[in-house]
Every structure is written in C-alpha cells, then in structure tokens.
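Inside the fold
Here are the chains, one letter per residue:
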Amino acid sequence: MTATGTPPWRRFRRGIRRPFSVERRLVEHVDRLAEEHPPIPVDSADYSMAQPQVLAKQFGPVLTYMSRVELEVERNVLELNLLLPDPPPIDRHFYADVWLPQETHHGLLLDRLQSLAGLPPATPDLTHVSFSFRVLGALGRWHAVQDVSRMMYYLTGVATEQSAILAYNRLHQGLLDLGERAIASSIIAPIRRQEPGHFAYYKIAAQGLWTELAHWQKWLVRTLRRHTFEPVGAYTKKQWAEFGDVMHHLGITTNGDAGITRYAQQIGRVELELLWAQRQGLRVPTYVLDSLRSAARLAASDRRP
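Source: prediction; values computed, not measured.

Conventions and cut-offs
- Residues numbered from 1 in each chain as written.
- Predicted model: local features only at pLDDT ≥ 70, side-chain atom pairs only at ≥ 80, totals over all residues.
- Heavy atoms only, no water.
- Helix = DSSP H or I, 4+ residues; strand = E, 2+ residues; numbered from the N terminus.
- Rg over C-alpha atoms; globule rule 2.2 N^0.38 Å.
- Contact = heavy atoms within 4.5 Å.
- Areas by Shrake-Rupley, 256 points an atom, 1.4 Å probe, with all protein chains shown as cover.
- Lys, Arg positive; Asp, Glu negative; His and termini not counted.
- Charge placed at Lys NZ, Arg CZ, Asp CG, Glu CD.
- Salt bridge = Lys/Arg side-chain N within 4 Å of Asp/Glu carboxyl O.
- Buried < 20%, exposed > 50% of the residue type's maximum accessible area, 1.4 Å probe, protein only.
- Axes fitted to C-alpha atoms, helices over the stretch in contact; angles between N-to-C directions.
- Parallel < 35°, antiparallel > 145°, perpendicular 65-115°, else oblique.
- Left-handed = near helix turned anticlockwise from the far one by under 90°.
- Nonpolar A, V, L, I, M, F, W, Y, C, P; charged D, E, K, R; others polar.

**Observations concerning the overall build of the protein**
Looking only at helices and strands, the protein features 11 helices and 0 strands. Mapped from its N terminus to its C terminus, the protein presents α and β elements in the order α-α-α-α-α-α-α-α-α-α-α. The globule rule puts the C-alpha radius of gyration for 305 residues at 19 Å, and the 20 Å found for the protein is close to it. Principal axes of the C-alpha set define a box for the protein whose edges measure 55 × 45 × 35 Å. Sequence-distant contacts in the protein: of pairs separated by 6 or more residues, those separated by 24 or more amount to 82%. Accessible surface for the protein amounts to roughly 14,500 Å². Of this, 55% is attributable to carbon and sulfur atoms. Both charge centroids of the protein, one from 36 positive and one from 31 negative side chains, sit 7 Å from each other.

**Description of the pattern of salt bridges**
By the definition in use, this model includes 9 salt bridges. With its nearest N and O atoms 2.8 Å apart, the salt bridge here joins aspartate 147 to arginine 150. Here the residue aspartate 147 and the residue arginine 150 both occupy positions in helix α6 (residues 143-178), the gap between them amounting to 3 residues, near one helical turn. Arginine 150 shares its class with aspartate 147; the two are buried. The residue glutamate 242 makes a salt bridge to lysine 238 at a minimum N-O spacing of 2.5 Å. Taken as a pair, glutamate 242 and lysine 238 lie in helix α9 (residues 237-249) at a separation of 4 residues, close to a single helical turn. Residue classification places glutamate 242 among the partly exposed positions, given a relative accessible area of 26%.

**Here's the deal with the packing of helix α3 (residues 73-83) against helix α4 (residues 89-116)**
α4 packs onto α3 with a crossing angle of 165 degrees between their chain directions and a minimal axis gap of 9 Å. It follows from the interaxial angle that α3 and α4 lie roughly antiparallel. Both α3 and α4 take part in a crossing whose hand is right-handed. Residues Val73, Glu74, Asn76, Val77, Leu80 and Asn81 of α3 form the contact with α4, whose own contacting residues are Arg92, Tyr95, Trp99, Leu100, Glu103 and Thr104. Of the residues belonging to the contact of α3 with α4, the class tally is 6 nonpolar, 3 polar and 3 charged.

Any link to function would need more than the numbers given here.
Structure, rendered in structure tokens:
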C-alpha cells in the first residue's frame, strides 16, 4: 500500500502509456481473479483413481509435461523481472501475486496426481534464465524497447493460456471417458476454471498495447514472433517431441494435419487478428502451424520402433 492507501497496481505511472480504460479493465479483472479464484489447495482434491495404470498409460505424458510447465512459472517470473525492468504495476501484480501462486498450485496438484499414478515426479527447471532475457532486459530500460518485450510477453501468454484451456478441456473429457470422475471433477475441472482468466488478461493487455505501438515496433514484434514462436514449455528438441506426444495423447493429431491445423487456428487466433490483420486470407500464422507440425513429426519419429 502507498501512503495514500492506494495499492501500487492501481496507480497510473508516468512513462506507461496504456490508456486508462485498458488499465482500469485490467485492475478490475485482476482484483476479480484474486477474489474469485484463490490458489487451489493441494489437499482439497480427491486423488482416488479407478485404474491408475490405465490412466498412466493413456495420459501419463500429458500429466508429466503439464505439471513441469505449470511448476516452471517460478522461473518464468524470474525471466519477467529481467525482461521488464519497469512494467506497469498491474502487470507485476498479476504475474507475481495472482498468476504465480495459481499456476504453482496447478503444478503441485498434477505432480501429486502423477506420483500417485506411479509416474516419476516432475523435474521443472526453476533457475536457468537464458542470456537473451538478460540482453532484452538491459535494452528494456528504454521504454520503446520494453514495450516490444511487453507485447511479446502478452502474445506468448495468449498462446500459452489458449493451449492450456484446450488441453485441460480434452484431458477432462478423456478422464471422464476412462471413468476417473474423482480426479476429473476435483483436480482438472478447478484448474481449467482458472485458465480463461489468465487468457483474458493477456488478450486485453495485448489489444490495448498494440494500438499504441509505432510502426517500427509493430514490425519488430511481427519479426520476433515469426522467429521465436515455440509450443508452450518446449525449449529443446526433446521437449518439442514431448509436446508432440501431448498432442497425440490428447487426440489432437488423430485427424492428422487437419487436427493440427484446427489447433493452430485456435492458439493463433488473437495474434492473427492483431499482427496479421492486413494479410487477407491468412487463416493462421504460418509459424504457429509449422511449429505444431514439427512437434508432431518429432513425436511420431520417437514412437517408431
């Protein structure tokens, strides 16, 4: 709290050019998220399973991947603190005070579930921050550069949360089909209820900031996005293959390229509307579709005897 009793994320600071209407929407949204969606207590879940071995075989790769990604938000916050040296206060409040504890508890819930199902515990990387983040953070002391980094952060958040929403929806239905109603209703359902709020934050923030960027900043965002897009949580070739395996076990690749294309359209819809509105006839950013196809190919190659 400040001396006047106003939380810092409710104050509009000089140098941050976000329109007041967007700022107000974000503040109200985060306040609502914090009030209505506190972190899910790990001990509140019913971990009873009807067929743990079948569950592990059917969805083990999904649980392993998603628990790691959820737990790695701790490192993501370290990256954001470097990448955005002077962000709008509401951004820092969102990712440090609301998003971080919510997502961490998602990871803890999934990690306990997979351990009880006989799978190895998650092995998240919580400390390694790449050199590129340090460079961008140093450059981010110029607000014009930090605005580009913020836009990349919002776009990554949109794609990540949309991926999570789709994955949790499919996992929830898959568990119900297996007869695993306890974990579907007490673990996956509460988690998936929190993800749309994160998606909405990034979408509102991205739409607001995009209208403020200069032409050169928009060009730079488009260029960086084309060359740096990667599936959520996939930073190495091995993790790309693991993401492809997640798509396989969730049934996304059941219909081959048509299923992958549909998934890419859902993930890339917001940035298609923002970044590529001038490209008439483009149905999905090419780099999104190419990345998912690559992950699917790597996973298929690993499954071959």
